[in-house]
Amino acid sequence: MGRQWQLRNKESFINYVKIELQLLKQEWKILLPCTIMQYLHAIFHNLAYYIQGNELAIEQRFTLYDLGFELLPEIHGFAASLSDILVFAVIFAPAIFLVLTIPFAKQEPGRPRYLVIVLKRCLMQLSICLVLRILSFLATALPSPADHCELKFNDACMQANPDNPIPCVVPNPNFKPPGTDQLLTRIDSLNGCGDLMFSSHTIYTVSLILTMWKYWLNKYGLALMVSIQIVIAFLIVASRKHYTLDVYSALYIVPLIWFTLEAYYKDINHKDSEVTVKTIYDFYGVDVSSDADDGAVPLYPTEGTPNSTAPLNPSVHVTMTEDESTNGERSDPDHTTTSFQRKNSL
């Protein structure tokens, strides 16, 4: 049977908040810079738009040849907005909902989740991707193919001068690069120009899909999200929000960064660890058994001494000798030679 969601009562919620604060006390030095990075990305997003309007000559703003543009007809109006709608409705909304279940719903037995741990993993991923993205689009200013960014031409002039379109350029009423006074204050993530390599749409959607895969693995939900991600990729190119290269490169760069962190960043989210009551205590020294096990006996009720009556955590298994397994008797009646070993995740 599937899991039945149960809301926390007041006592459980207060206990949960105390645990989160203990975890936050140890991880804020990572969470705070990663959160600030989201704002810094908006500043550099504005800077790229500023460069398009103030540094590039008209000759440099012609849309580049793109195979995806040749194969996919350009879409406009509501169809052009479909990629954004799918991003928010099918990727962002379920991800936000699941994250919000952490503080308000009782823990799933055997799979404790805490905002600090989940957000640390997701925000680190996003921040690294955004830093690489910023370095990429500032290093090379590509002309944006989006409708509100591209050059517009006078049709009559173009007919008279088919080989020289530059004199036929007319102002694009939707091209509104920020001034220097707006670089720090303008927040408009959907209508930028020049921040192309590589797609931020894809950074966020793929990162959230990977987060859902790690903490809320559901094969049907994952299959739906991956399918929608593929559709979004084609819609982004068809609506000319990005070149094909921007989207294609993001589809392998983002997972590459994710699995690199999984392999080499040694914390509780490492691929060879798993988030359990035991590992949370090992990494943070915080006993979450009262929350994760719904009122069970604390993991370590006295300082440094495991309680013999506490339920054995599923991430720990007892190693028995061959004689014990065949005779059903312990060779250490005083329980002095039992060895414990943390079981790594597959």
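Conventions used here
- Residues numbered from 1 in each chain as written.
- Predicted model: local features only at pLDDT ≥ 70, side-chain atom pairs only at ≥ 80, totals over all residues.
- Heavy atoms only, no water.
- UniProt positions renumbered as here; feature names shortened; annotations may be inferred.
- Helix = DSSP H or I, 4+ residues; strand = E, 2+ residues; numbered from the N terminus.
- Buried < 20%, exposed > 50% of the residue type's maximum accessible area, 1.4 Å probe, protein only.
- Contact = heavy atoms within 4.5 Å.
- Areas by Shrake-Rupley, 256 points an atom, 1.4 Å probe, with all protein chains shown as cover.
- Axes fitted to C-alpha atoms, helices over the stretch in contact; angles between N-to-C directions.
- Parallel < 35°, antiparallel > 145°, perpendicular 65-115°, else oblique.
- Left-handed = near helix turned anticlockwise from the far one by under 90°.
- Nonpolar A, V, L, I, M, F, W, Y, C, P; charged D, E, K, R; others polar.
- Expected span 1.5 Å × (residues − 1).
- Bend = angle between axes of the 7 residues up to and from the residue.
- Phe/Tyr/Trp six-rings, centres within 6.5 Å; stacked < 30°, edge-to-face > 60°.
- Lys NZ or Arg CZ within 6 Å of the ring centre and 35° of its normal.
- Salt bridge = Lys/Arg side-chain N within 4 Å of Asp/Glu carboxyl O.
- Disulfide = S-S within 2.5 Å.

The name given to the protein in an unreviewed UniProt entry is Sphingomyelin synthase-like domain-containing protein, with the source organism recorded as Hyaloperonospora brassicae. Per UniProt, the protein carries the Sequence similarities (unreviewed entry) text "Belongs to the sphingomyelin synthase family."

S.K.: Lay out the overall build of the protein with the relevant residues and their values.
M.R.: Counting secondary structure elements, the protein contains eleven helices and four strands. In the protein, buried positions account for 42% of the 346 residues. A separation threshold of at least 6 residues defines the contact pool for the protein, and within that pool the share at least 24 residues apart is 77%. Carbon and sulfur atoms provide 62% of the accessible area of the protein, an area that totals close to 19,200 Å².

S.K.: Give a description of the packing of helix H4 (residues 115-139) against helix H6 (residues 200-215) that names residues and reports values.
M.R.: Contact geometry of H4 with H6 gives a least axis separation of 10 Å together with a crossing angle of 155°. When the axis of H4 is compared with that of H6, the two are roughly antiparallel. Crossing geometry of H4 relative to H6 is assigned as right-handed. Residue-level inspection shows Ile117, Val118, Arg121, Cys122, Gln125, Leu126, Cys129, Leu130 and Arg133 of H4 in contact with H6, the latter providing Ser200, Ile203, Tyr204, Ser207, Leu208, Thr211, Lys214 and Tyr215. Its residues assigned to classes, the contact of H4 with H6 shows ten nonpolar, four polar and three charged.

S.K.: Describe helix H1 (residues 10-54), listing the residues and the values that go with them.
M.R.: Its 45 residues give H1 an end-to-end C-alpha distance of only 56 Å, which falls more than 12% under 66 Å, the value for a rise of 1.5 Å per residue. Its axis deflected by about 75° at Glu27, H1 carries its strongest bend there.

S.K.: Could you give an account of the packing of H6 against helix H8 (residues 244-264), with specific residues and numbers?
M.R.: The interhelical angle for the contact between H6 and H8, taken along N-to-C directions, is 40°, at an axis separation of 9 Å. One element, H6, and the other, H8, form an angle in the oblique class. The two elements H6 and H8 meet at a crossing, and its hand is right-handed. Only Val247, Ala250, Leu251, Val254, Pro255, Trp258, Phe259 and Glu262 of H8 make contact with H6, whose side of the interface consists of Thr202, Ile203, Val206, Ser207, Leu210, Thr211, Trp213 and Lys214. Within the contact of H6 with H8, the residues separate by chemical class into eleven nonpolar, three polar and two charged.

S.K.: Describe the packing of aromatic side chains, listing the residues and the values that go with them.
M.R.: Scanning all chains against the criterion turns up eleven aromatic pairs. Ring geometry for Tyr16 versus Tyr114: centroids 6.0 Å apart, planes at 10°, classification stacked. Taken together, the residues Tyr16 in helix H1 and Tyr114 in the loop between helix H3 (77-104) and H4 connect sequence positions 98 residues apart. Note on accessibility: Tyr16 and Tyr114 belong to one class, buried. Ring pairs connect the aromatic residues Phe13, Tyr16, Phe104 and Tyr114, which therefore count as one cluster. Arg61 extends its terminal NZ or CZ atom over the ring of Phe175, reaching a point 4.1 Å from the ring centre. Taking NZ or CZ as reference, Arg121 lies 3.7 Å from the ring centre of Trp258, over its face.

S.K.: Can you lay out the pattern of salt bridges for me, pointing to particular residues and giving the numbers?
M.R.: As enumerated under the stated definition, the model contains twelve salt bridges in all. Each of the salt bridges in this network shares a partner with another, and the network as a whole consists of Glu27, Lys120 and Asp267.

S.K.: Could you give me a rundown of the side chain of His45, with the residues and numbers involved?
M.R.: Looking at where His45 falls in the secondary structure, it is placed in helix H1. Judged by relative accessible area, which is 5%, His45 ranks as buried. Sequence-distant contacts of His45, defined by excluding residues within four places in its chain, comprise Phe137, Asp188, Ser189, Gly192 and Asp195.

S.K.: So what about unusual backbone geometry? Which residues, and what values?
M.R.: In this chain, Met197 is followed by Phe198 through a cis amide linkage whose omega measures 0°. Note on placement: Phe198 falls in the loop between strand S2 (169-170) and H6. Backbone geometry places Arg240, a non-glycine residue, at a positive phi of 65°. Mapped onto the secondary structure, Arg240 falls in the loop between helix H7 (219-238) and H8.

S.K.: Outline the state of the cysteines, listing residues and values.
M.R.: This model, assessed by the stated rule, comprises two disulfides. The disulfide bridge from Cys149 ends at Cys193, spanning 1.7 Å between sulfur atoms. Taking the sign of the torsion about the S-S bond as the criterion, the disulfide between Cys149 and Cys193, at about -85°, is left-handed. Linking Cys149 in the loop between H4 and strand S1 (152-153) with Cys193 in the loop between S2 and H6, this pair joins segments that are 44 residues apart in sequence. The pair formed by Cys149 and Cys193 is uniform in burial state, with each residue classed as buried.

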